[in-house]
Amino acid sequence: MSDAFDLTDDLGPEKVLYLHDPATRLRAILVIDNVAAGPAIGGTRMAPDVSLEECARLARSMTLKNASAGLPHGGAKAVIFADPRMPTADKERLVRAYGYAIREITDYIPGPDMGTDEIAMAWVHDMTGRAVGLPRELGGIPLDEIGATGFGLAAAIEEAQTHGGFRLAGARIAIQGFGAVGRHAARYLAERGAVLVAVSDSGGTLVRPEGLDVQALIDWKREGHAVAEFRDGQARDREAIIDVECEVWIPAARPDVLHEGNVDRLRARVVAEGANIPATEEAERRLAERGVLVLPDFIVNAGGVICAAVEHANGSQGVALARIEEKVCHNLGEVLGRAKAEGQLPRAAAVEMSRERVCTAMRFRRPW
Ligand code: NAD
């Protein structure tokens, strides 16, 4: 495990906490990266193979994401070393022990992440009085049910039309991953006139150049089937999604899926990053050289955290959706404008913009 001080720079992290409770066998790490803009919002991830380094990288990306979205929140992340598929009673005990351990760390507002959900957030809230991504009964806005991130992604793609040289009406869309982000992006893009020509999940790819029935496919997936077994379209292997000719290609599954070894196969005008860090630096550079416009992840997939911030401020679902559209489109416009003016990659422009906002917020804090 790396030393926490190896991870520090001019922005943070401000606090790194190791949490250990022998009675419940809780082992967790909380990294509060930066709180200049306000108490930090970030997910609590549960997995057996998490690490300090992963936690610190994710905490930093929350600082940049929250700053780019203009939220009154800094960035943090927590990881719990455990298998999330354990029996519910054991999971509740562990999550409550975690809640107890962070009860006085009031500058961290936990949210759901891999391995935790709205029920886990209800337990944390019960122990600490703080958490976002709560069940509706506790005033939550269920962000994956309403598709907050997919909604923001669709709005961002519409905003990118002029920069990417395509028209959304009739644009062909291919989506890798058909979970909370992918299926809602498909639904909101279809409403805006786009045509879903290919989709994949961990079981394979489904291709239909004439267009797929998005709602029927969502229902099919909800019944527990793989997309490649759907009645219409041709089934292909999982990697075939990369070769599909389209205007907009959306990664909405895993990190680093586009890399040096496969990026030149991509035949799209725009890559809209729904997943976090779905392309390596080299892949993004090669795409830019070929004139493919990349919409950076932490700008266009901020819908979920914007929704969480609205929930935290007691706002409604309607307010959340309006805020997502306004913030994501405005920020993407600024990032693409800067990138063009400075001859930068969109990601470099996005990082620069977010860092500037964090540094400005830091100047408003007392100097000790
Ligand atoms: P999810 O678990 O609901 O869905 C993931 C989907 O990806 C599933 O359909 C799964 O079958 C598929 N998948 C997994 N491995 C695959 C592979 N190798 N090839 C093709 N498909 C594969 O997850 P989600 O909430 O939709 O999140 C997807 C990504 O978006 C993650 O990187 C997540 O961190 C990121 N993200 C999610 C949100 C959110 O609001 N849920 C917000 C920002 C970023």
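Going by the structure above, here's the rest.
In this report, we go over the structure that sits alongside the text. Computed from a predicted structure; not experimentally measured.

Reading the values: rules and limits
Residues numbered from 1 in each chain as written. Predicted model: local features only at pLDDT ≥ 70, side-chain atom pairs only at ≥ 80, totals over all residues. Heavy atoms only, no water. Buried < 20%, exposed > 50% of the residue type's maximum accessible area, 1.4 Å probe, protein only. Helix = DSSP H or I, 4+ residues; strand = E, 2+ residues; numbered from the N terminus. Arc of directions from axis to C-beta. Salt bridge = Lys/Arg side-chain N within 4 Å of Asp/Glu carboxyl O. Axes fitted to C-alpha atoms, helices over the stretch in contact; angles between N-to-C directions. Parallel < 35°, antiparallel > 145°, perpendicular 65-115°, else oblique. Left-handed = near helix turned anticlockwise from the far one by under 90°. Contact = heavy atoms within 4.5 Å. Nonpolar A, V, L, I, M, F, W, Y, C, P; charged D, E, K, R; others polar. Polar contact = N/O pair within 3.5 Å; in protein donor to acceptor, adjacent residues only side chain to side chain.

**Here we look at helix α9 (residues 281-289)**
In step 1: A283, E284, R286 and L287 are the residues of α9 that are buried. An end-on view of α9 places all buried positions within 160 degrees of arc, on one side of the element. Facing away from the buried surface of α9 by more than 90 degrees, the exposed residues are E281 and E289.
In step 2: Note on α9: the residue one or two positions beyond its end, G291, has a positive phi of about 80 degrees.

**Remarks on the pattern of salt bridges**
A side chain of one charge can pair with a side chain of the opposite charge if their charged atoms are brought near each other.
In step 1: Taken as a whole and judged by the stated rule, the model has 35 salt bridges.
In step 2: A salt bridge links D264 to R286; its shortest N-O distance comes to 2.8 Å. Residue D264 is found in the loop between β10 (248-251) and β11 (270-272), and its partner R286 is found in helix α9; the two are separated by 22 residues along the sequence.

**Notes on the packing of helix α11 (residues 303-312) against helix α12 (residues 317-342)**
In step 1: Taken N-terminus to C-terminus, the directions of α11 and α12 make an angle of 135 degrees; their axes are 9 Å apart at the nearest point. One way to sum up the angle between α11 and α12 is to call them oblique. Once α11 is placed against α12, the crossing between them reads as right-handed. Contacts from G303, I306, C307 and V310 in α11 reach V319, A320, R323, I324, K327 and V328 in α12.
In step 2: When grouped by side-chain class, the residues that make up the contact of α11 with α12 number 7 nonpolar, 1 polar and 2 charged.

**Here we look at helix α8 (residues 214-222)**
In step 1: Those residues of α8 not exposed but buried are V214, A216, L217 and I218.
In step 2: Summarising the contacts, the buried residues of α8 are in contact with α7 (180-191), β7 (195-201) and β8 (204-207).
In step 3: A side-chain oxygen of the first residue of α8 lies 3.3 Å from the backbone nitrogen of Q215; this N-cap is D213.
In step 4: Following α8 by one or two positions, G224 adopts a phi angle in the positive range, close to 100 degrees.

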